[in-house]
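What follows is the residue order along each chain.
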Amino acid sequence: MELHGMLHTILSELHIGMLVLATGMIILWLIAARSRREEIRTLAIIADRTAYVAAIAGLAALVLAALAGLYTTWEWEAVQSTVLTRNKIMISALSMAFWGMLVYVRARQGEHVWQRPAITGLYLALTLGGFATIVLAGSLGGVASLKGTILDPFFDALKLNRYVMLVLPQPINYSLIVVTLVVTVWSFWVARSGKGDRGKAR
Ligand code: HEM
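Nothing here was measured: the structure is a model prediction, and the numbers come from that model.

Enquirer: Honestly, the overall build of the chain in this entry has me stumped. Any pointers?
Expert: Scanning the chain from terminus to terminus reveals 7 helices and 0 strands. Starting at the N terminus and walking to the C terminus, you meet the elements of the chain as α-α-α-α-α-α-α. Seen through its C-alpha atoms, the chain measures out along the principal axes to roughly 55 × 40 × 30 Å. Among the 202 residues that make up the chain, the fraction classed as buried is 35%. A separation threshold of at least 6 residues defines the contact pool for the chain, and within that pool the share at least 24 residues apart is 70%. Accessible surface computed for the chain: about 12600 Å², of which carbon and sulfur atoms make up 71%. Averaging the coordinates of the 18 positive side-chain charges in the chain and doing the same for the 11 negative ones gives two points 14 Å apart.

Enquirer: Teacher, can you tell me more about the site of the ligand here?
Expert: Within the structure, the ligand sits among 25 residues, and His8, His15, Trp74, Lys88 and Lys147 are positioned closest to it. Lys88 places a side-chain nitrogen or oxygen 2.5 Å from a nitrogen atom of the ligand. Within the side chain of Lys147, one N or O atom sits 2.7 Å away from an oxygen atom of the ligand. When residues of the shell around the ligand are traced back to their parent elements, those giving at least two are helix H1 (2-32), helix H2 (38-71), helix H4 (83-109) and helix H5 (117-144). Element by element, the count of residues in the shell around the ligand is highest for H1, at 6 residues. For the shell around the ligand, a count of residues per class yields 11 nonpolar, 11 polar and 3 charged.

Enquirer: I would appreciate a short explanation of the confidence of the model for the chain in the present structure.
Expert: Reading predicted coordinates in detail is not appropriate for stretches of low pLDDT. In the predicted model, the chain carries a mean pLDDT of 86, and 91% of its residues have values of at least 70. Of all secondary-structure elements in the chain, the lowest mean pLDDT belongs to helix H7 (residues 170-193), at 78, while H2 reaches the highest, 96.

Enquirer: It is not clear to me how the coordination of the iron atom of the ligand should be interpreted in this structure. Could you clarify?
Expert: In an ideal octahedron of six donors the angles at the metal are 90 or 180 degrees, and in an ideal tetrahedron of four donors they are 109.5 degrees. Taken together, the protein ligands of the iron atom of the ligand are His8 (NE2) and Lys88 (NZ), with distances of 1.8 to 2.0 Å. For the iron atom of the ligand, the 6 donor atoms in the first shell make angles of 79 to 178° at the metal, a pattern classed as octahedral. Of this pair, His8 sits in helix H1 while Lys88 sits in helix H4, and the two are 80 residues apart along the sequence. Here the two residues His8 and Lys88 agree in accessibility, since each one is buried.

Enquirer: How do you make sense of the pattern of salt bridges when you look at a structure like this?
Expert: Side chains that differ in sign of charge can pair as their charged atoms come close. Counted according to the given criterion, the structure contains 4 salt bridges. One salt bridge in this structure joins Glu111 and Arg49, with 2.5 Å as the shortest N-O distance. Residue Glu111 is located in the loop between H4 and H5, and its partner Arg49 is located in helix H2; the two are separated by 62 residues in the primary sequence. Residues Glu111 and Arg106 are paired through a salt bridge, measuring 4.0 Å at the closest nitrogen-oxygen approach. For Glu111, a relative accessible area of 31% corresponds to the partly exposed category. For Arg106, a relative accessible area of 5% gives the class buried. Connected through salt bridges with shared partners, the residues Asp48, Arg49, Arg106 and Glu111 form a single ionic network.

Cut-offs applied
- Residues numbered from 1 in each chain as written.
- Predicted model: local features only at pLDDT ≥ 70, side-chain atom pairs only at ≥ 80, totals over all residues.
- Heavy atoms only, no water.
- Helix = DSSP H or I, 4+ residues; strand = E, 2+ residues; numbered from the N terminus.
- Buried < 20%, exposed > 50% of the residue type's maximum accessible area, 1.4 Å probe, protein only.
- Contact = heavy atoms within 4.5 Å.
- Areas by Shrake-Rupley, 256 points an atom, 1.4 Å probe, with all protein chains shown as cover.
- Lys, Arg positive; Asp, Glu negative; His and termini not counted.
- Charge placed at Lys NZ, Arg CZ, Asp CG, Glu CD.
- Near = heavy atom within 4 Å.
- Polar contact = N/O pair within 3.5 Å; in protein donor to acceptor, adjacent residues only side chain to side chain.
- Nonpolar A, V, L, I, M, F, W, Y, C, P; charged D, E, K, R; others polar.
- pLDDT = per-residue confidence, 0-100.
- Donors = N, O, S within 2.8 Å, 3.2 Å for Na, K, Ca; no water.
- Tetrahedral: all angles 85-135°; square planar, octahedral: opposite > 155°, others 65-115°.
- Salt bridge = Lys/Arg side-chain N within 4 Å of Asp/Glu carboxyl O.

Written out as structure tokens, the structure is:
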């Protein structure tokens, strides 16, 4: 068992490192990009490109870590029936969606992702979602391996029971579906109407 679980641990630490780097570089861009000093603005450009590469590599390692989590840790019956690991599977999938969309938006928009407020807002929201889900999945990993997590005080403060399925009440589920549909239709309309092309210099 020890050797088995280790592959998941190594791949998890790897993608956590790379995706935290990507998040840190995006925050560095926010701090440095508007500097009057050219060398600081150059640093912001390097940070933006580092974030892009780290997000791509981190996403790839996240997928491998999840596969290792599914197939090289506990017996399959235990992995797919234990509430804790089912929560991890759900949060990992959400994290892949956030980082996947972030990489797609950066690939489509290039460095002009920072010149259009709507796209910049989306990019930062995806960064926040991606980071939060990685922290949550990693902390549940510490709970699963009975080593605890630094987020324990946070979970306690929010009276969050880690061993209960993270299910949202139905009304919230339906509202999220409606919001997602509205945002998707709006995004297509913006894309097709060219309204999002303001400042396009790709
Ligand atoms: C399909 C998704 C995943 C499954 C099924 C899964 C499953 C597991 C299981 C069963 C353990 C306990 C292993 C043991 O007993 O030592 C574990 C530990 C762990 N997992 Fe995951 N995991 C998944 C995704 C993730 C992700 C996305 C992360 C990181 C963000 C992560 C980070 C960890 C960590 C840090 C540990 C503790 C490792 C240790 O210190 O021994 N896991 N995971």
